[in-house]
Amino acid sequence: MAIAPTEIETPPEARSEDYLWTLNFGPQHPATHTTLRLVLKLEGERVVDAVPEMGYLHSGFEKLGEHLTFNQYVTVTDRMNYISPMANNVAWHHSVETLLGIDLTPRCTYIRTIVAELARISDHLLSNGAVGLDTGAFTYFLYAFYQREVIYDIFETLCGARFTNSYTRVGGVSQDFTPLVIEKTRAFLKTFPKTLNDMERLLNRNRIFVDRTKGVGLLTKEEAINRGATGPVARASGVTRDLRRDEPYLAYSDFDFQVSCASAGDCYARYLVRMQEMRESLKIVEQAIENLPSGPVDVGIDERMALPTKKQVYSTIEGTISHFELSMSNRGFEVPCEEAYAAIEAPNGELGFYLVGDGEDQAYRARCRPPSVLNFAMFPHLIRGHTLSDVVAVLGSLNIIAAELDR
Amino acid sequence: MTDSTETKEPKAVENPHVVALVELCGALESSTFRGQQRVVVPADKSLDALSLLKSRGFDLLIDVSCVDYLEYRGAKHRYGLVYLLASTAGHQRLTVRVFVDDPEPTVSSVVPLWEAANWLEREVWDLFGIRFTGHPDLRRLVMPEEFTAHPLRKDYPLQGRGERHNFPVITRDHS
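Note that the structure is predicted; figures quoted are calculated from it, not measured.

Each helix and strand in chain B was counted, giving three helices and seven strands. Reading the helices (α) and strands (β) of chain B from amino to carboxyl end gives α-β-β-α-β-β-β-β-α-β. If one aligns the C-alpha atoms of chain B with their principal axes, the spans along those axes are about 65 × 35 × 25 Å. For chain B, the proportion of its 175 residues judged to be buried stands at 39%.

Here is the structure:
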């Protein structure tokens, strides 16, 4: 039976927004890459509003930090931003050493700088590769992933683990650089710029890619500061803040490099900033590996912070005592009853830890300041007024890693 | 922060921002550790103090977090909020602490000053149960809505209290 249009009554509870279509984006969607959820309100294909939801990967990292010792917790930091675990390792122990007041050896600062920069390259490769993938450039993604494999190979040679490195220790690192690692890093430095050129030629002037990213997800400089953006997202909006230059930690004051910035503030600018940062990271790694200081990599026995080498343990009494004390649960580190915050310029932005010490071997409170949270919080602001297909471009350009987001 | 060793050392040149805060709020407890300047602001003046600091160049809110001092030796207050501020132009940093206590830990929201505080304060509410007055949308951030406890408090056990087992089972029809 046909119903005449006049017979259909408008329900009394109908609101003016009822013509909007609600779409659940995630938590399981290929373009979210990890587990996060967006509730989109659509008018046709245009996004009227977006409500991001997080917490699907909440695993209580900060609570765990109050129960694991400073050396044990490094394994947890691997699993925060698992795209660049080395950078998280460096960030964690940078904060711990700030709290404990340890001065690293020059060799250790150089080694940590090198691994942090390699981590930045691998993070940017994935981030840009994912933007390419989501906007239809699959070849580009494969180029990026092949190079990530090379970096994984360097890390595997260095510490035995490709993905979850857990490389740093309080006062040092778990393994010193071997000649093979240096050789592989040099080989990477030689071959990677060629791939980077290829990648730039693939996408920088690709009509489809530029059309899909230029002018999309605009973030002005004022909004970037107001919303707490850091890292490439802020630098693409004209905020020239880079902790490597502004608050030099590790060995960054020794190297010559540029801070990559853009003023457009759209997805394309964020892509360009990341591409340029990879070149600058290469410059830093090259300078560091050619000027790698000799000498011990861990702090000395007298400091009683890093485990002594096996040779020292078996042949000197100081080494034996130091090893024994560091292994005992009631000795260990001398932790001040104090609080300190230290941050590094992680690939995603400022990654810092606010640590409270109470004399024990584990932190009383280990607050992680993740860059992803603030980046994800500004997502509704960036997407309003754009189309549904732009959601993946904006999401990719912010490089949100849900494990770091939810901790 | 309470039994600080470095506060006994002779004080360096007084930080001009701290001087300005003292003019606003009266005498304040301030200290430095590893070169990091920290200042404690009373809870009822926190919004004014942070607004003053924002006008003095601390335009970037790095973090809002909290520490539960329940088991901390010599602590006078239960919760200590941590506001990490930075300036994008001068590359300075300042840590502002605000202490609040049970039974109704409440502090003014700084969302009117920085939009960045929106999710950070939601997280503090979620994990510590501190209310932010004036917050536009104070919902839980990482824990589910049905959750009743605040898990980063020190009286909450590491392995939880079994809340997960009491969550209602969602069937396919109701999902």
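Next comes the rest of the write-up.
As a further point, take the overall build of chain A. For chain A, the count of helices and strands is 17 helices and eight strands. Its C-alpha radius of gyration of 24 Å places chain A within 12% of the 22 Å reference for a compact globule of 407 residues. On the principal axes, the C-alpha backbone points of chain A span a range of 95 × 45 × 40 Å. Going through the 407 residues of chain A one by one, you find that 54% of them count as buried. Considering only intrachain contacts with a sequence separation of at least 6, the fraction spanning at least 24 residues in chain A is 68%.

What follows covers the environment of A:Leu64. Residue and element names in this part refer to chain A. Note on placement: leucine 64 falls in helix H1 (residues 61-65). Accessibility expressed as a C-beta count within 10 Å gives 17 for leucine 64, which makes it partly exposed. For the pair formed by leucine 64 and arginine 169, sequence separation is 105 residues and the distance between their alpha carbons is 18 Å.

Let us look at the interface of chain A and chain B. Across the contact, 35 residues belong to chain A and 32 residues belong to chain B. The set of elements that each furnish at least two residues to the side of chain A that touches chain B consists of H1, helix H8 (221-226), strand S6 (339-346), strand S7 (349-356), strand S8 (365-369) and helix H14 (371-377) of chain A. Among the residues making up the side of chain A that touches chain B, the classes are represented as 13 nonpolar, eight polar and 14 charged.

This paragraph deals with helix H6 (residues 179-203) of chain A. Residue and element names in this part refer to chain A. For H6, built from 25 residues, the straight-helix expectation of 36 Å at 1.5 Å per residue is met to within 8% by its first-to-last C-alpha distance of 36 Å. Of all the bends in H6, the greatest reaches close to 30 degrees and is centred on threonine 191; the proline proline 193 follows between one and four positions later. Every buried residue of H6 is listed here: Val181, Thr185, Phe188, Phe192, Met199 and Leu203. Next to the buried residues of H6 lie helix H4 (106-134), helix H5 (138-159), helix H7 (207-213) and helix H11 (267-290).

Further remarks concern the sheet that holds strand S2 (residues 37-43) of chain A. Residue and element names in this part refer to chain A. Taken in spatial order, the three strands line up as S1-S2-S3 in an open sheet, and their pairing is antiparallel. Both outer strands of the open sheet, strand S1 (21-25) and strand S3 (46-53), are each paired with one neighbouring strand and no more. Going from strand to strand, the sheet's axes swing by 20 degrees on average, the running direction of each strand aside. Two strands pair when backbone bridges link them, and S2 and S3 are joined in this way by seven bridges, in the antiparallel orientation. Residue pairing in the sheet places leucine 42 in a bridge with valine 47 of S3.

On to the sheet that holds strand S5 (residues 93-100) of chain B, then. Residues and elements named next belong to chain B. With mixed pairing, five strands are arranged side by side in an open sheet as S1-S2-S5-S4-S3. For this open sheet the edge positions go to strand S1 (30-33) and strand S3 (60-68), each flanked by a neighbour on one side alone. Direction aside, the axes of adjacent strands within the sheet are offset by 25 degrees on average. In this structure, S1 lies alongside strand S2 (residues 36-41), joined through four bridges in antiparallel fashion. Within the sheet, the bridge partner assigned to serine 31 lies in S2 and is arginine 38. Running at roughly 5 degrees to S2, helix H1 (residues 16-25) makes contact with S1, S2 and S5 of the sheet. Strands S3 and strand S4 (79-86) of the sheet are contacted by helix H3 (residues 117-128), whose axis makes an angle of about 5 degrees with S3.

To continue, consider the domain arrangement of chain A. Residue and element names in this part refer to chain A. As far as domains go, chain A holds domain 1 (16-53) and domain 2 (61-406). Summarising the inter-unit geometry, the C-alpha centres of domain 1 and domain 2 are found 31 Å apart. Counting from both sides, the interface comprises 15 residues of domain 1 and, opposite them, 19 residues of domain 2. Here the element with the most residues in the side of domain 1 that touches domain 2 is S3; it accounts for six residues.

This next bit is on the pairing of S3(B). Residues and elements named next belong to chain B. Buried residues dominate S3, accounting for nine of its nine residues. The pairing of S3 with S4 spans eight bridges and is antiparallel. Bridging from a neighbouring strand, valine 64 pairs with tyrosine 83 of S4.

The next thing to look at is unusual backbone geometry. The amide bond that connects B:Asp102 to the next residue, B:Pro103, takes the cis arrangement and shows omega of 0 degrees. Backbone geometry places A:Ser166, a non-glycine residue, at a positive phi of 45 degrees. Summarising the element assignment, A:Ser166 is placed in the loop between H5 and strand S4 (168-169). Given 22 C-beta atoms within 10 Å, A:Ser166 falls into the buried group.

Attention shifts here to the confidence of the model for chain B. A low pLDDT means the predicted coordinates there should not be read in detail. All names here are of chain B. Per-residue confidence for chain B gives a mean pLDDT of 83; residues scoring 70 or more make up 92%. Within chain B, the element-level pLDDT minimum falls on H1, averaging 80, and the maximum on S4, averaging 92. A low-confidence stretch, residues 1-10 stays under pLDDT 50, and its non-local contacts, those more than four residues away or across chains, total 16 contacts. In the model output, the complex is listed with pTM 0.87 alongside ipTM 0.85.

Before going further, it helps to spend a moment on the packing of H1(B) against helix H2 (residues 46-55) of chain B. Residue and element names in this part refer to chain B. Between H1 and H2, the least distance of the axes is 10 Å, while the angle of their chain directions is 145 degrees. As H1 runs across H2, the sense of the crossing is right-handed. From H1, His17, Ala20, Leu21, Leu24 and Cys25 reach across to H2, where they touch Asp48, Ala49, Leu52 and Leu53. For the contact of H1 with H2, a count of residues per class yields seven nonpolar, one polar and one charged.

Moving on, we get to the nonpolar core. Across soluble globular proteins, nonpolar side chains have a tendency to be buried as a group. In this structure, A:Val394 and B:Leu85 are the most contacted members of the largest nonpolar core, which totals 164 residues. Sort the elements by how many residues they give to this core and H4(A) lands first, with 14 residues. Both of domain 1 (16-53) and domain 2 (61-406) of chain A provide at least three residues apiece to this core. With residues near it in sequence (within four places) discarded, A:Val394 still touches A:Val216, A:Gly217, A:Cys267, A:Phe379, A:Leu382 and A:Ile383.

All names here are of chain A. Relative to each other, H4 and H11 sit at 155 degrees, their axes nearing to 9 Å. Taken together, the axes of H4 and H11 are roughly antiparallel relative to one another. Crossing angle aside, the handedness with which H4 passes H11 is left-handed. Together, Tyr110, Thr113, Ile114, Glu117, Leu118, Arg120, Ile121, His124, Ser127, Asn128 and Val131 of H4 and Tyr271, Arg274, Met275, Glu277, Met278, Ser281, Ile284, Val285, Ala288 and Ile289 of H11 make up the contact between the two elements. A per-class count over the contact of H4 with H11 returns twelve nonpolar, five polar and four charged.

Thresholds, definitions, all that
- Residues numbered from 1 in each chain as written.
- Chains lettered and ligands numbered in written order.
- Predicted model: local features only at pLDDT ≥ 70, side-chain atom pairs only at ≥ 80, totals over all residues.
- Helix = DSSP H or I, 4+ residues; strand = E, 2+ residues; numbered from the N terminus.
- Buried ≥ 20, exposed ≤ 12 C-beta atoms within 10 Å, placed from the backbone.
- Rg over C-alpha atoms; globule rule 2.2 N^0.38 Å.
- Contact = placed C-beta atoms within 7 Å.
- Nonpolar A, V, L, I, M, F, W, Y, C, P; charged D, E, K, R; others polar.
- Expected span 1.5 Å × (residues − 1).
- Bend = angle between axes of the 7 residues up to and from the residue.
- Pairing = 2+ DSSP bridges.
- Axes fitted to C-alpha atoms, helices over the stretch in contact; angles between N-to-C directions.
- Domains from an automatic or database assignment.
- pLDDT = per-residue confidence, 0-100.
- Left-handed = near helix turned anticlockwise from the far one by under 90°.
- Core = buried A, V, L, I, M, F, W, Y, C linked by C-beta atoms within 7 Å.
- Parallel < 35°, antiparallel > 145°, perpendicular 65-115°, else oblique.

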